[in-house]
Amino acid sequence: MKTVTKLFLLSSLICHLSSSLQAQPDRWQQRIKYNINVNMNVVTNRFSGTEKIEYINNSPDTLNRIFFHLYWNAFQPNSSMDVRSRELGKIFLTNRRGDEIQDWDSRVRDRISKLKENEIGFQNVKSVKMNGVEQKLRNYETILEVKLDKPILPKSKTSLEVSFEAQVPVQIRRSGRDNAEGVRYSMSQWYPKVVEYDYQGWNANPYIAREFYGVWGDYDVNITIDKNYFVAAGGDLLNANEVGFGYEAKGVKPKPVAGKTITWKWQAYNVHDFVWAADTSYKMITRPVKDGPLIRVVYKKTDSLTDARWNKCADTMAIAYPFIAKTFGPYPYKTYSFIQGGDGGMEYPMATLVKNASIGTFVHEWLHSWYQGMMGMNESLFPWMDEGFTNYAGMRVVCAFRNIPPTIYDYEYKGYFNLARSGMEEPLTTHADHYNTNYAYNNAAYDKGAVFLNQLGYIVGDKVLDKILLEYYREWRFKHPNANDFIRVAEKVSGLELQWYKEYWVNSIKTIDYAVGDINVVDNKTQITLKRIGKMPMPIDVLLTFKDGTKEMHYIPLNLMYGEKMAEDTVTRIVHTEWKWTDPEYNFNTDRSIGDIKSIEIDPSQRMADMNRSNNKLVIPD
Ligand SMILES: [Zn+2]
């Protein structure tokens, strides 16, 4: 395992060298190394632990304080998470099926307010020492401030020692004990975690509902627990031959454990978080993936039917990987684990906690490795760059699997249209925890975020979009990209100016609506008028279909793009002069006579999120 780590180091070093040659972004990143030791008491559901942290301040700034996340303090009555959820419960909405629902997360509701002392979660930091000296602490519920006696200077390395104790909450959201499926421990957001400091400063977001962000680093995690517990984690197990449970090498027989507990030694390299789970009735199946990771699927022992479902999920991931690697870039770690736990599907580096065996969830959660995992964008500020991109990628994988064109997959478009019509839409720039409703957050992050990419395929061409996705992966993985970073990649790869797309789609809630207007005969040519009704401008594809069965694709570039996309198919294409974004109307001609035309249709691919498609197509009666 060490060798692999070193190989990875070497390859990332090579990437780094080649990247500097190609003038790639060199935004500084903080770096961390955690050495965590915890001792879990499976009777009291409490554990104590220590963290030895090596923190490298690569920023140009002097840090006078440092923050930690203490996520589990959210699982206490009257916490911010509890109050926020109960407040959202007062908002009533109609869901897609037409039922009236409360806006709170149906998993959280008012459950936190009812937790008893032995059911709440807590993370209590007893002491933090910097370079051996005890530091002053101040608690802000889910955030701990450490006031440093000496500042951390730019480009310097600091050692921190943290001593803490915690109680695993009854599972409310993501983490916790005894979830609905009976998994004993779903251990996410479980240790005092250093808050990321980046070019925007400290990101000390209290834990209200969602979204995670962390420092790139390496983890050594030693978990001491009752020897009957099977532990799964997002990492590599260093003492597999000692613990067994199916992790051991072929032919190795682990020695019987003398005491009541055993220590599991895990390691993860170049990640921003570490998750684990434990249960006494877990079993594990594995799939080696050709030129990819070893897939582990860990779930509670079950009946043969459910067993077959878990196996099918594992098989499907192994089959899907070549398409995923080709389209989004290779997965860089040695293993990936699907672990039964949590309350749905939640992504972590090198692992996910999933409620049950669902291929859709498996695909989605693993694809998070490319966005939440490898890009590690600030999910509070850019949740759509995680959930939206992951959703889009999942759609691509599912469509490739079913051999259908991805553009017909319109669930996300409907979600976005509903949001835009609801009057509750807020711009994608809204902080994930600060949307007025969960509804607006969900449809913005998941749906409008997915449409962002699919619609970009319309603007630059789908083949160019594929190149953009790979270039984004190449340039920005392990660097916390933001929205502008992505747009810059798209601009460089496509050769088109795209700032306007970000300004409208991300920073505003303006919508798109184009219509086919009048048809006239001018100088023996047929003149067609198009109207821009929505506020957001777009380049326009218009397909003319003639009665003889022939077709012409008319392409009208947008002046803000300073260029045009390449033809996307074999239909004759006529490129016109730019449509200035200020003009509400645009006229163009065809040499064909008016009597030849069967229909005129704006964006037949329907990748453009036109709010009113009923005025996009004109069929001329015979
Ligand atoms: Zn997701």
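Residues numbered from 1 in each chain as written. Predicted model: local features only at pLDDT ≥ 70, side-chain atom pairs only at ≥ 80, totals over all residues. Heavy atoms only, no water.

Caption draft 1: Molecular detail of the overall build of the protein. From N to C terminus, the protein includes 11 helices and 33 strands. Against the 2.2 N^0.38 benchmark of 25 Å for 622 residues, the protein shows a C-alpha radius of gyration of 27 Å, consistent with a compact globule. Its C-alpha atoms put the protein at 95 × 55 × 55 Å along the principal axes. Burial analysis of the protein (622 residues in total) assigns 56% to the buried set. Within the protein, contacts between residues at least 6 apart in sequence are counted, and of these 70% link residues at least 24 apart. Carbon and sulfur atoms make up 51% of the accessible area of the protein, which totals about 26000 Å². The average position of the 77 basic charges and that of the 74 acidic charges among the side chains of the protein differ by 6 Å. (Helix = DSSP H or I, 4+ residues; strand = E, 2+ residues; numbered from the N terminus. Rg over C-alpha atoms; globule rule 2.2 N^0.38 Å. Buried < 20%, exposed > 50% of the residue type's maximum accessible area, 1.4 Å probe, protein only. Contact = heavy atoms within 4.5 Å. Areas by Shrake-Rupley, 256 points an atom, 1.4 Å probe, with all protein chains shown as cover. Lys, Arg positive; Asp, Glu negative; His and termini not counted. Charge placed at Lys NZ, Arg CZ, Asp CG, Glu CD.)

Caption draft 2: Main features of the coordination of the zinc ion. On the protein side, the zinc ion has His364 (NE2), His368 (NE2) and Glu387 (OE) as donor atoms, found 2.0 Å from it. For the zinc ion, the single-chain donor residues occur in sequence as H-x3-H-x18-E. One end of the pair, His368, is in helix α5 (residues 359–373); the other, Glu387, is in helix α6 (residues 383–402), and 19 residues separate them in sequence. As far as burial versus exposure is concerned, His368 and Glu387 are alike and both buried. (Donors = N, O, S within 2.8 Å, 3.2 Å for Na, K, Ca; no water.)

Caption draft 3: Structural detail: the packing of aromatic side chains. All told, the structure shown has 55 aromatic pairs when counted by the stated rule. Geometrically, the ring pair formed by Phe47 and Trp72 is edge-to-face, given 6.0 Å between the ring centres and 80° between the ring planes. With Phe47 in strand β2 (residues 46–57) and Trp72 in the loop between β3 (63–69) and α2 (80–88), the pair connects residues that are 25 residues apart, well separated along the chain. The buried category is assigned to Phe47, whose relative accessible area is 3%. Residue class for Trp72 comes out buried when judged on its relative accessible area of 0%. (Phe/Tyr/Trp six-rings, centres within 6.5 Å; stacked < 30°, edge-to-face > 60°.)

Caption draft 4: Expanded view of the pattern of salt bridges. In the structure shown here, the tally under the stated rule is 36 salt bridges. With its nearest N and O atoms 3.7 Å apart, the salt bridge here joins Lys157 to Glu54. On the criterion of sequence distance, the pair formed by Lys157 in strand β10 (residues 156–167) and Glu54 in strand β2 is long-range, its members being 103 residues apart. Exposure remark for Lys157: the relative accessible area of 54% places this residue in the exposed category. (Salt bridge = Lys/Arg side-chain N within 4 Å of Asp/Glu carboxyl O.)

Caption draft 5: Geometry of helix α9 (residues 462–476). Taking 1.5 Å of rise per residue, 15 residues should cover 21 Å, and α9 covers 21 Å from first to last C-alpha, within 8% of that figure. Taken residue by residue, α9 has Val464, Leu465, Ile468, Leu469, Glu471, Tyr472, Tyr473, Glu475 and Trp476 as its buried positions. Where α9 is buried, its residues touch α4 (304–328), α5, α6, α8 (438–460) and α10 (483–494). Taken from the residues just after α9, Phe478 is the one with a positive phi, measuring 65°. (Expected span 1.5 Å × (residues − 1).)

Caption draft 6: Structural detail: the pairing of strand β17 (residues 230–233). On β17, burial covers both faces: Phe230 and Ala232 on one face and Val231 and Ala233 on the other are all buried. Relative to strand β20 (residues 276–279), β17 runs antiparallel, the two being bridged by 4 bridges. Its bridge partner lying in β20, Phe230 is registered against Asp279. (Pairing = 2+ DSSP bridges.)

Caption draft 7: Representation of the side chain of Glu471 in the model. By the secondary structure assignment, Glu471 is in helix α9. Side chain to side chain, Glu471 and Arg474 meet in a polar contact 3.0 Å long. Apart from the residues within four sequence positions on either side, Glu471 is in contact with Val489 and Val493. (Polar contact = N/O pair within 3.5 Å; in protein donor to acceptor, adjacent residues only side chain to side chain.)

Caption draft 8: Up close: the state of the cysteines. Tallying each qualifying case throughout the model produces 0 disulfides. Residue Cys313 stays outside any disulfide, its sulfur separated by 18 Å from that of Cys399, the closest cysteine. (Disulfide = S-S within 2.5 Å.)

Caption draft 9: Summary view of the sheet that holds strand β6 (residues 122–130). Spatially, β7-β6-β10-β2-β1-β16-β19-β18 is the arrangement adopted by the 8 strands of the open sheet, whose pairing is mixed. The sheet is open, and its two borders are formed by β7 (133–134) and β18 (236–237), each paired with just one other strand. Bridge count between strand β16 (residues 216–226) and strand β19 (residues 261–271): 9 bridges; the pairing is antiparallel. Residue pairing in the sheet places Gly217 in a bridge with Val271 of β19.

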